[in-house]
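Observations on the three-dimensional arrangement
Next come the chains, spelled out residue by residue.
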Amino acid sequence: MALRGLPAALAGVDRTLVMGILNVTPDSFSDGGEHLAAETAIAHGLAMQSHGADIVDVGGESTRPGAVRITAEEEQDRVLPVVVGLVEAGIAVSIDTMRASTAAAAVRAGACIVNDVSGGLADDEMYRAVAGLDAAYVVMHWRGPSTTMDRLAVYGNVVADVVAELGARVAEAVASGIDPASIIVDPGLGFAKEADHNWALLRDLGALETLGFPVLVGASRKRFLGSLLAEPAGGGSVEPRGMRGRDPATDAVSALASAAGAWAVRVHDVGNSRDAVLVGRAWARGFE
Ligand code: PMM
């Protein structure tokens, strides 16, 4: 089934897609300073495309644990020039936002996917807005904002609970007028989830596929990979592996997610994940 809103060229790709992460936040593009350089961000998006990104996911608001929200205006000032620049260069752009107004503005500027980490829970207007847009819609599993999500990581059976909660979100999205052919689901690794919750969801990716929608997996450089690869830091303490040292583990997840039939992986290190998804596909089907 072709996803609504996606360029035809992507609909025909016979492997897990690679979505490159472009976080247009002060800590990403200006060394923590004031200037958010759209040009630097666009150049990074173009570089990801040259490394094999099928889609570039542009986000202006950090969702890291503890992150504080910015205004809609700040968010749009950050992302819209970047969306425009990438669309002009012919790149398929996804907008990572929990806000209906930002989603609509970005799709008007040419984005073809709305990536909503809150699955519609953060903004009452989101489903209505998406229903009126010609774009795909990522419904991620989410239980609450970054400031409180760590407290919400309580499950009976994490796989069954996530499938049920995502199923309920999708049903509401469709009841609100969103075309089922536009929906993508995502387990929301790291969002109200402890390390073993993430591993359980990855082991049972097939359970998510039973919902009947393409599955997106976002494991890139996340805390649970850092803690898996923790190393002695002297004095008897053990420190999680730092962000950049998590890329090979991310690539391994990309290969395995591809073998398990994921629609796309959302990653920082595009080139190696592009190789990894090809390995996963060949592994799963037994030929190149
Ligand atoms: N993770 C982050 C941000 N956006 N979107 C989707 N669909 N899935 C994710 O897992 C996801 C996301 C947080 O990671 P980042 O801070 O590295 O972007």
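Everything below is about the structure shown above.
This write-up is about the structure you can find in this document. (Residues numbered from 1 in each chain as written. Predicted model: local features only at pLDDT ≥ 70, side-chain atom pairs only at ≥ 80, totals over all residues. Heavy atoms only, no water.)

Comments concerning the site of the ligand
- Near the ligand lie 16 residues; those nearest to it are Asp96, Asn115, Asp186, Lys222 and Arg266.
- The contact in question runs from a nitrogen atom of the ligand to an N or O atom on the side chain of Asp96, over 2.9 Å.
- A distance of 3.0 Å separates an oxygen atom of the ligand from a polar atom in the side chain of Arg266.
- Alone, the ligand offers 410 Å² of accessible surface; in the complex the protein occludes 95% of this.
- For the shell around the ligand, the secondary structure elements donating two or more residues are strand S1 (17-23) and strand S5 (136-140).
- Its residues assigned to classes, the shell around the ligand comprises six nonpolar, five polar and five charged. (Near = heavy atom within 4 Å. Polar contact = N/O pair within 3.5 Å; in protein donor to acceptor, adjacent residues only side chain to side chain. Areas by Shrake-Rupley, 256 points an atom, 1.4 Å probe, with all protein chains shown as cover. Helix = DSSP H or I, 4+ residues; strand = E, 2+ residues; numbered from the N terminus. Nonpolar A, V, L, I, M, F, W, Y, C, P; charged D, E, K, R; others polar.)

As for the packing of aromatic side chains
- Overall, the coordinates contain two aromatic pairs when judged by the stated rule.
- Taking 6.1 Å as the distance between ring centres and 85° as the angle between the ring planes, the aromatic pair formed by Tyr127 and Tyr137 counts as edge-to-face. Of the two residues, Tyr127 is situated in helix H6 (residues 126-131) and Tyr137 in strand S5; the sequence distance between them amounts to ten residues. Tyr137 shares its class with Tyr127; the two are buried.
- When the ring of Trp199 is compared with that of Phe224, the centres are 5.0 Å apart and the planes differ by 70°; the resulting orientation is edge-to-face. You can see Trp199 sitting in helix H8 (residues 195-203) and its partner Phe224 sitting in helix H10 (residues 223-228), a full 25 residues away along the chain. (Phe/Tyr/Trp six-rings, centres within 6.5 Å; stacked < 30°, edge-to-face > 60°. Buried < 20%, exposed > 50% of the residue type's maximum accessible area, 1.4 Å probe, protein only.)

Description of the pairing of strand S2 (residues 55-59)
- Among the five residues in S2, five count as buried, and that is most of the element.
- By the bridge criterion, five bridges tie S1 to S2 in an arrangement that is parallel. Bridged to Ile21 within S2 is Asp57.
- Pairing geometry for S2 and strand S3 (residues 93-96), over four bridges, is parallel. Paired with Val56 across the two strands is Val93, which belongs to S3.
- Each parallel crossover has a hand, and the one from S2 via helix H4 (residues 72-88) to S3 is right-handed. (Pairing = 2+ DSSP bridges. Right-handed = clockwise from strand over helix to strand, strands pointing away.)

Things to note about the sheet that holds S2
- What the eight strands build is an open sheet, ordered S6-S5-S4-S3-S2-S1-S10-S7; its pairing is parallel. Because the sheet does not close on itself, it has two edges, and the strands there are strand S6 (183-186) and strand S7 (216-217).
- Strand direction decides the pairing type here: S3 and strand S4 (residues 113-116), joined by three bridges, are parallel. Bridge assignment links Ser94 to a residue of S4, and that residue is Ile113.
- Against the sheet, helix H7 (residues 158-175) makes contact with S5 and S6, and its axis sits at roughly 160° relative to S6, the strand it touches most. (Contact = heavy atoms within 4.5 Å. Axes fitted to C-alpha atoms, helices over the stretch in contact; angles between N-to-C directions.)

Here's the deal with the nonpolar core
- Counting 68 residues, the largest nonpolar core has Leu22, Val58, Leu86, Val114 and Val217 as the members making the most contacts within it.
- Looking at this core, the element that brings in the most residues is H7, giving seven residues.
- Not counting the four nearest positions on each side in its chain, Leu86 is found in contact with Leu22, Ile42, Gly45, Leu46, Val56, Val58, Ile91 and Val93.
- By size, the runner-up hydrophobic cluster in this structure holds 15 residues, among which are Leu6, Met19, Ile184 and Trp263. (Core = buried A, V, L, I, M, F, W, Y, C linked by side-chain atoms within 4.5 Å.)

Some words on the pattern of salt bridges
- Under the criterion given, the structure shown has 18 salt bridges.
- Put simply, Asp96 and Arg266 hold a salt bridge, and the shortest N to O gap is 3.2 Å. With Asp96 in strand S3 and Arg266 in strand S10 (residues 264-267), this residue pair connects regions lying 170 residues apart in the sequence. Of the two residues examined, Asp96 and Arg266, each falls in the buried class.
- Across the salt bridge formed by Arg223 and Asp150, the nearest N and O atoms sit 3.3 Å from each other. In this pair, Arg223 sits in helix H10 while Asp150 sits in the loop between S5 and H7, placing the two residues 73 residues apart along the sequence.
- According to the relative accessible area criterion, Arg223 is partly exposed, its value standing at 47%. (Salt bridge = Lys/Arg side-chain N within 4 Å of Asp/Glu carboxyl O.)

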